Amino acid sequence: MQTKTENGTKRDLNRENILKIAREIFSKYGYKKTTLDDIANAVRKGKSSLYYYFASKEDLFQAVIMKEVEILARELEIVINRNTDPVDKLRDYILTKLATFRNLANFYHAIENDVTAVEFIEEVKRRYEQDEIRMIKRILIEGVRKNEFEIYDFNLAAIGITTAIKGLEMPLSAGNYGSVNLERSVDIILKIMCYGIIKK
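The model shown is predicted, which means the values in this text are computed figures rather than measured ones.

K.L.:
Residues and numbers for the pattern of salt bridges, please.
P.N.:
The full count for this structure, using the stated rule, is 14 salt bridges. With a shortest N-O distance of 3.1 Å, Glu183 and Arg91 are connected by a salt bridge. Here the residue Glu183 occupies a position in helix α9 (residues 182–195), and Arg91 occupies one in helix α5 (residues 86–103), the gap between them amounting to 92 residues. Overall, the relative accessible area of 43% leaves Glu183 in the partly exposed class. Taking the shortest distance from any N to any O, the salt bridge between Glu132 and Lys97 comes out at 3.0 Å. Of the two residues, Glu132 is situated in helix α7 (residues 115–145) and Lys97 in helix α5; the sequence distance between them amounts to 35 residues. Accessibility classification places Glu132 together with Lys97 in one group, the buried group. Each of Arg82, Arg91, Asp92, Glu183 and Asp187 takes part in one network of salt bridges that share partners.

Laid out in structure tokens, this is it:
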């Protein structure tokens, strides 16, 4: 006889598997064209099994997005808590953020014309923007304490850097820069952020 813990673990594993496969299907067909039947067939379960975990296609899609956000948030927290030099920490933060976005580029491309999907993603981005500003601010404060940065308005500086990173997401994931070396690109951007463009 299975215990409550074993049932809970099995339920969690099933849910994770559905999310993983649903992400692949949404990436391939986009939000609009994907049906719960497509996902159920790929998971090898009946559609009724999906309803046990998710109320609707929209609910499932939102869970897929939230899963991606959680993974990124965890990765960024690891970077923030590393015992490294503040400049290296800022570099690792930007690199982690852009590398994750590049990995998700196909997914975003697949759903970019689906209004419902895009609206939800934009809402999630707005919700997590304050978290990102808070994390960047932590790096900047640490840099000033260690006498590596000179900043007069932490909030404004954090907003500026967060906005700059967001502006780089698409160019460094698609188009002419989609295949360039990300580490080299981040080093160039970081040099501009830290030292400016004025010749010394």
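After presenting the structure, the write-up continues.
K.L.:
Give me the lowdown on the packing of α5 against α9, citing residues and values where you can.
P.N.:
One way to put it is that α5 packs onto α9 with a least axis distance of 10 Å and a crossing angle of 135°. As the angle between them shows, α5 and α9 are arranged oblique. For the crossing formed where α5 meets α9, the hand is right-handed. Each of Val87, Leu90, Arg91, Ile94, Leu95, Leu98, Ala99 and Arg102 in α5 lies in contact with α9, whose residues at this interface are Leu182, Glu183, Val186, Asp187, Leu190 and Met193. Grouping the amino acids of the contact of α5 with α9 by side-chain chemistry returns 10 nonpolar, no polar and four charged.

K.L.:
Account for α9, with residues named and values stated.
P.N.:
For α9, with 14 residues, the first-to-last C-alpha span of 20 Å sits near the 20 Å given by 1.5 Å per residue. Considered for burial, the residues of α9 that qualify are Leu182, Ser185, Val186 and Leu190. The buried residues of α9 occupy an angular sector of 130° when projected down its axis, which confines them to one face. Among the exposed residues of α9, those oriented more than 90 degrees off its buried face are Arg184, Lys191 and Tyr195. The inward-facing, buried residues of α9 abut α5. The opening residue of α9 is Asn181, an N-cap whose side-chain oxygen sits 3.0 Å from the backbone nitrogen of Glu183. Where α9 terminates, the next one or two residues include Gly196, which has phi positive at roughly 75°.

K.L.:
Can you break down the packing of aromatic side chains residue by residue, with the values?
P.N.:
Enumeration over the complete set of coordinates arrives at four aromatic pairs. Note on Phe26 and Phe61: the rings are 5.1 Å apart at their centroids and 85° apart in plane angle, and the pair reads as edge-to-face. With Phe26 in helix α1 (residues 4–33) and Phe61 in helix α4 (residues 57–81), this residue pair connects regions lying 35 residues apart in the sequence. Judged by relative accessible area, Phe61 falls into the buried class, the value being 2%. The interplanar angle of 85° and the centroid separation of 4.9 Å between the aromatic rings of Tyr52 and Tyr53 together place this pair among those described as edge-to-face. Its relative accessible area of 14% is what places Tyr53 among the buried residues.

Each value, and the rule that gives it
- Residues numbered from 1 in each chain as written.
- Predicted model: local features only at pLDDT ≥ 70, side-chain atom pairs only at ≥ 80, totals over all residues.
- Heavy atoms only, no water.
- Salt bridge = Lys/Arg side-chain N within 4 Å of Asp/Glu carboxyl O.
- Helix = DSSP H or I, 4+ residues; strand = E, 2+ residues; numbered from the N terminus.
- Buried < 20%, exposed > 50% of the residue type's maximum accessible area, 1.4 Å probe, protein only.
- Axes fitted to C-alpha atoms, helices over the stretch in contact; angles between N-to-C directions.
- Parallel < 35°, antiparallel > 145°, perpendicular 65-115°, else oblique.
- Left-handed = near helix turned anticlockwise from the far one by under 90°.
- Contact = heavy atoms within 4.5 Å.
- Nonpolar A, V, L, I, M, F, W, Y, C, P; charged D, E, K, R; others polar.
- Expected span 1.5 Å × (residues − 1).
- Arc of directions from axis to C-beta.
- Polar contact = N/O pair within 3.5 Å; in protein donor to acceptor, adjacent residues only side chain to side chain.
- Phe/Tyr/Trp six-rings, centres within 6.5 Å; stacked < 30°, edge-to-face > 60°.

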